[in-house]
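# An overview of the molecular structure
This is what each chain is made of:
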Amino acid sequence: MAIAQAPLNLDPRYATDAASERVNRLLYERLVEFDASSKAVPALASWQQLSPLHYQFTLKHQSAFHDGQLLTAHDVKATYASFLTLPDAPHRAEFEHIARIAVVSNQVLHFYLKQPDPHFIEKLIIGILPATGIAQDHDFAHAPIGSGPLKFVRWQSALTLARVADGQQIILTEVKDPTVRVLKLLRAEVDVLQGDLPPELVGYLKSKPDITVKSHVGSNFSYLGLNMQDPVLKQLKVRQALAHAIDRQAIVRQVMVDQTRLAEAILPPEHYAGNRQLAPYAYRPLYAKQLLREAGIQLPLKLVYKTSTDAQRVRFATILQAQMAPAGIDLEIRSLDWGTFFEEIKQGQFQVYGLTWVGIKTPEIYAKAFASNATPPHGFNRGRYSDVTLDQLLVKESWPAVTQRIHQQLPYIPLWYEGQFAAYRAPVRDYAAQSDGNWDGLATIQLLK
């Protein structure tokens, strides 16, 4: 499988980039999963809530780590307890309200909380690590030991995994250029591509008789991130001008893959916490220019937009640059290699950037991304947004009001939910694209003999 970006970290306690998250889903087992409506369901364990502060978990089946050790409740405890000693772990804040974890037997353990948390179950999606490896400070980031359907083999120029069930090797090769990825598929140098191609190349693949292309409506949320500490961007009228300076509909129609749709919030409308009432920001460049003047901005407004070197992302950037020009916005594009780009975003070193939230299932993302106390490393509020009104709404968990407030204040500029697709050669079967772009199909993919 050729991928646009290689994973950065295969320790599930640290991974935040999409490729790492997708690989970790295959390497590790989790206590809970999510159904089609994004409700938590048992995965590795079932649970009972014995009180608002007390949960009992029972492992549903006997699992073994890829090094042969049995997975027990002790490993579950060690995984979640380790967050207390990892000050730089991006998910740490989600588990700080755990008072203690008690192991009853190899199959049963109890979580005790310091305060009630109605979303506690939904947070338990961290891959379970072996307690022995945690105690020995094993390098899970580069040599993972999990109990999932795929196991780690080697990571040199490519990441090689093996399916536990039958030994089938899965090789993930980073190929940044989308045209080269397509050529490798056509030349049978790779078997599968998924996502990260412009629509012209997807259409080209559809014309090839020995290539199958499957599409699926997407749920991953693309957006423009804004630095709310910037003296210009902290002004609401400037942010509104940015929203009105982008012709999202034209971009979706002309340069996005099938089944891409406009987005107004992180979670799509069909999600149980979705909001269908959010009015889209229409493309109005002259009105955007008026808003900038009302904000006292001397035109043109010069902004620096950071993105990765991926060809499609650079293409988006150049389109945004052209669309914003009539609104009096001079967008300077800086494209960086993925690792450097993502690190600068996490450190808050940006004015404007483009990214996508991948695989988000729970409305707690709004607190993680926008609560005043959720700045890195305590959360994902990379733009350092602070709004007392939103903080109060987040505490109440009034999701229609939360999403309406975010939509009105624009700490980010919503773009779209990108359609998903998978393209594969004729020998491949049993592979399909998923709405969040995950690679779970690698656990069952088959090659015809």
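Data block above holds the structure.
What this report covers is the structure whose coordinates are included nearby. Here the structure is a predicted model, which is why all the values come from computation and not from measurement. (Residues numbered from 1 in each chain as written. Predicted model: local features only at pLDDT ≥ 70, side-chain atom pairs only at ≥ 80, totals over all residues. Heavy atoms only, no water.)

### Structural notes on the overall build of the chain
Within the chain one finds 14 helices and 23 strands. Radius of gyration (C-alpha) of the chain: 22 Å, near the 22 Å computed for a compact globule of 449 residues. Buried positions account for 54% of the 449 residues belonging to the chain. Summarising the internal contacts of the chain: among those between residues at least 6 apart in sequence, 67% fall at separations of at least 24. When the accessible area of the chain is evaluated, it comes to approximately 18600 Å², of which 51% is carbon and sulfur surface. Side-chain charges in the chain split into 46 positive and 43 negative, and the spacing between the mean points of these groups amounts to 3 Å. (Helix = DSSP H or I, 4+ residues; strand = E, 2+ residues; numbered from the N terminus. Rg over C-alpha atoms; globule rule 2.2 N^0.38 Å. Buried < 20%, exposed > 50% of the residue type's maximum accessible area, 1.4 Å probe, protein only. Contact = heavy atoms within 4.5 Å. Areas by Shrake-Rupley, 256 points an atom, 1.4 Å probe, with all protein chains shown as cover. Lys, Arg positive; Asp, Glu negative; His and termini not counted. Charge placed at Lys NZ, Arg CZ, Asp CG, Glu CD.)

### Description of the packing of helix α5 (residues 178-186) against helix α6 (residues 199-206)
Running from N to C, α5 and α6 point in directions that differ by 10 degrees, and their axes come no closer than 10 Å. As judged from the angle between their axes, α5 and α6 are roughly parallel. Of α6, the residues touching α5 (which contributes Pro-178, Thr-179, Val-182, Leu-185 and Leu-186) are Leu-201, Tyr-204 and Leu-205. Taken together, the residues that form the contact of α5 with α6 break down as seven nonpolar, one polar and no charged. (Axes fitted to C-alpha atoms, helices over the stretch in contact; angles between N-to-C directions. Parallel < 35°, antiparallel > 145°, perpendicular 65-115°, else oblique. Nonpolar A, V, L, I, M, F, W, Y, C, P; charged D, E, K, R; others polar.)

### Notes on the packing of aromatic side chains
Each aromatic ring pair is summarised here by two numbers: the centre-to-centre distance and the angle between the ring planes. If you walk through the whole model with that rule in mind, you get 22 aromatic pairs. Ring centres 5.0 Å apart and planes at 75 degrees place the aromatic pair Phe-370 and Tyr-412 in the edge-to-face group. Taken together, the residues Phe-370 in helix α12 (residues 365-370) and Tyr-412 in strand β20 (residues 412-417) connect sequence positions 42 residues apart. According to the relative accessible area criterion, Tyr-412 is buried, its value standing at 3%. These aromatic residues form a ring-pair network of at least three members: Phe-221, Tyr-223, Phe-350, Tyr-353, Trp-357, Phe-370, Phe-380, Tyr-385, Tyr-412 and Tyr-417. (Phe/Tyr/Trp six-rings, centres within 6.5 Å; stacked < 30°, edge-to-face > 60°.)

### Notes on the sheet that holds strand β16 (residues 261-262)
Within a sheet, adjacent strands bond to each other through the backbone by hydrogen bonds, running parallel or antiparallel. Reading across the sheet, the six strands line up as β16-β20-β15-β19-β17-β18 and stay open at both edges, with mixed pairing between neighbours. Each edge of the open sheet carries a strand with a single partner, namely β16 and β18 (329-336). Where β16 and β20 come together, two bridges link them in antiparallel fashion. What sits directly across from Arg-261, in β20, is Tyr-417. Of the strands in this sheet, β16 and β20 are in contact with helix α8 (residues 248-255), which crosses β20 at around 30 degrees. Sheet strands touched by helix α11 (residues 338-346): β17 (301-308), β18 and β19 (352-357). Its angle to β19, the strand with the most contacts, is close to 100 degrees. (Pairing = 2+ DSSP bridges.)

### Focus on the side chain of Lys-123
Counting through the fold element by element, Lys-123 comes out in helix α3 (residues 120-123). Leave out the neighbours within four places in its chain, and Lys-123 touches Tyr-80, Glu-94, Phe-95, His-97, Asp-117 and Glu-364.

### Considerations on the pairing of strand β21 (residues 420-425)
For β21, the tally of buried residues reaches six of six residues, placing the bulk of the element in the interior. Covered by surrounding structure in β21 are Gln-420, Ala-422 and Tyr-424 together with Phe-421, Ala-423 and Arg-425, the residues of both alternating faces. As defined by bridge partners, strand β13 (residues 192-194) adjoins β21 across three bridges and the pair is classed as antiparallel. Counterpart to Leu-193 in the pairing with β21 is Ala-423.

### Details of the pattern of salt bridges
Summed over the entire model, instances satisfying the criterion amount to 26 salt bridges. For Arg-163, the salt bridge identified is with Asp-166, shortest N-O distance 3.1 Å. Note that Glu-344 and Lys-306 form a salt bridge whose closest N and O atoms lie 2.4 Å from each other. Residue Glu-344 is found in helix α11, and its partner Lys-306 is found in strand β17; the two are separated by 38 residues along the sequence. (Salt bridge = Lys/Arg side-chain N within 4 Å of Asp/Glu carboxyl O.)

### So, unusual backbone geometry
In this structure, the amide linkage connecting Leu-299 to the following residue, Pro-300, adopts the cis form with an omega of 0 degrees. Of note, Pro-300 is situated in the loop between α9 (285-294) and β17. Backbone torsion omega between Pro-376 and Pro-377 reads 5 degrees, so that peptide bond is classified as cis. By the element assignment, Pro-377 lies in the loop between α12 and α13 (388-396). You will see that Asp-137, though not glycine, has its phi angle at about 55 degrees, which is positive. By secondary structure assignment, the location of Asp-137 is in the loop between α4 (131-135) and β10 (150-155). Even without glycine at this site, Glu-397 takes up a positive phi of about 55 degrees. Here Glu-397 lies in the loop between α13 and α14 (399-409).

### Details of the nonpolar core
If you look at the biggest cluster of nonpolar residues, it comprises 67 residues, and the most contacted ones within it are Leu-224, Tyr-366 and Phe-370. No other element matches β20, which puts five residues into this core. Look past the residues within four positions of Phe-370 in its chain and what remains in contact with it is Ile-266, Asn-381, Tyr-385, Leu-390, Asp-391, Ile-406, Pro-411 and Tyr-412. With 51 residues, the next largest nonpolar core counts Phe-65, Phe-83, Leu-150 and Val-192 among its residues. (Core = buried A, V, L, I, M, F, W, Y, C linked by side-chain atoms within 4.5 Å.)

### A word on the pairing of β18
Note that β17 and β18 share eight bridges and pair parallel. What sits directly across from Tyr-305, in β18, is Ile-333. Assessed by its sense of winding, the connection that carries the chain from β17 through helix α10 (residues 311-324) to β18 is right-handed. (Right-handed = clockwise from strand over helix to strand, strands pointing away.)

So far we have only geometry, and geometry alone does not tell us how the molecule works.
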